[in-house]
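# Descriptive structure summary
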Amino acid sequence: MNAADRPSRLLTVAEVAYMTRLSRPTVYRLLRTGELPSLRFGRSYRVTEEAVDEYIARAAGHNRNQPDPPSTTPMQPPHEF
């Protein structure tokens, strides 16, 4: 059985929080809003590794804290006093 045929590992909310460096309440919010797909077993949530990887890829693509692109105007030398 290769990796493509193997079922995905199911992660707990605590494991997802650890992997993404998010708080557990934030992970629960992502689950409730559907931003992070999950399975529900009774009162417990489980998330596939693929769902976490896809969420991280989407979040990285929409990162607002990316540095500004380099300026196209040339730098001016400092003024002489």
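Predicted, not measured: the structure shown is a model, and the values here were computed from it.

### Some points on unusual backbone geometry
- Even without being glycine, Arg 21 reaches a positive phi, approximately 60 degrees.
- Tracing the sequence through the fold places Arg 21 in the loop between helix H1 (13-20) and helix H2 (24-33).

### Looking at the packing of H1 against H2
- Taken N-terminus to C-terminus, the directions of H1 and H2 make an angle of 110 degrees; their axes are 9 Å apart at the nearest point. Classed by the angle they form, the pair H1 and H2 counts as roughly perpendicular. For the pair H1 and H2, the contacting residues are Val 13, Ala 14, Val 16, Ala 17 and Thr 20 in the first and Arg 24, Val 27, Tyr 28 and Leu 31 in the second.

### Some thoughts on the confidence of the model for the chain
- Across the chain, the average pLDDT comes to 83, with 68% of residues at or above 70.
- Ranking the helices and strands of the chain by mean pLDDT puts H2 first, with 97, and helix H3 (residues 49-61) last, with 92.

### A word on the pattern of salt bridges
- This model, assessed by the stated rule, comprises 3 salt bridges.
- Arg 9 is the salt-bridge partner of Glu 15, the closest N and O atoms lying 3.1 Å from each other.
- A salt bridge links Arg 29 to Glu 35; the nearest nitrogen and oxygen atoms lie 3.7 Å apart.
- Of the residues examined, Arg 29 reaches a relative accessible area of 39% and is grouped as partly exposed.
- Residues joined by salt bridges that share partners form a network here, namely Arg 9, Glu 15 and Glu 49.

### Comments concerning the sheet that holds strand S3 (residues 44-48)
- The strand order S1-S3-S2 describes an open sheet built from 3 strands, whose pairing is antiparallel. Across the chains shown, the open sheet's two edge strands, defined by having one partner strand only, are strand S1 (10-11) and strand S2 (39-41).
- When S2 meets S3, the two strands line up antiparallel, connected through 3 bridges. Within S3, the residue paired with Phe 41 across the bridge is Ser 44.
- The sheet contacts of H3 involve S1 and S3, and relative to S3 the element is tilted by about 70 degrees.

### Examining the nonpolar core
- Counting 13 residues, the largest nonpolar core has Val 13, Val 16, Val 27, Leu 31, Leu 36, Val 47 and Val 52 as the members making the most contacts within it.
- Of all the secondary structure elements, the ones that give two or more residues to this core are H1, H2, S3 and H3.

### Some details on a nonpolar patch on the surface
- A cluster of nonpolar side chains, contributed by Leu 10, Leu 39 and Phe 41, occupies part of the molecular surface with about 270 Å² of accessible area.
- Mapped onto the elements, Leu 39 comes out in strand S2.
- Residue classification places Leu 39 among the partly exposed residues on the basis of a relative accessible area of 41%.

Parameters at a glance
- Residues numbered from 1 in each chain as written.
- Predicted model: local features only at pLDDT ≥ 70, side-chain atom pairs only at ≥ 80, totals over all residues.
- Heavy atoms only, no water.
- Helix = DSSP H or I, 4+ residues; strand = E, 2+ residues; numbered from the N terminus.
- Axes fitted to C-alpha atoms, helices over the stretch in contact; angles between N-to-C directions.
- Parallel < 35°, antiparallel > 145°, perpendicular 65-115°, else oblique.
- Contact = heavy atoms within 4.5 Å.
- pLDDT = per-residue confidence, 0-100.
- Salt bridge = Lys/Arg side-chain N within 4 Å of Asp/Glu carboxyl O.
- Buried < 20%, exposed > 50% of the residue type's maximum accessible area, 1.4 Å probe, protein only.
- Pairing = 2+ DSSP bridges.
- Core = buried A, V, L, I, M, F, W, Y, C linked by side-chain atoms within 4.5 Å.
- Patch = residues over 30% accessible without salt bridge, like charges linked within 9 Å, V, L, I, M, F, W, Y side chains within 5 Å.
- Areas by Shrake-Rupley, 256 points an atom, 1.4 Å probe, with all protein chains shown as cover.

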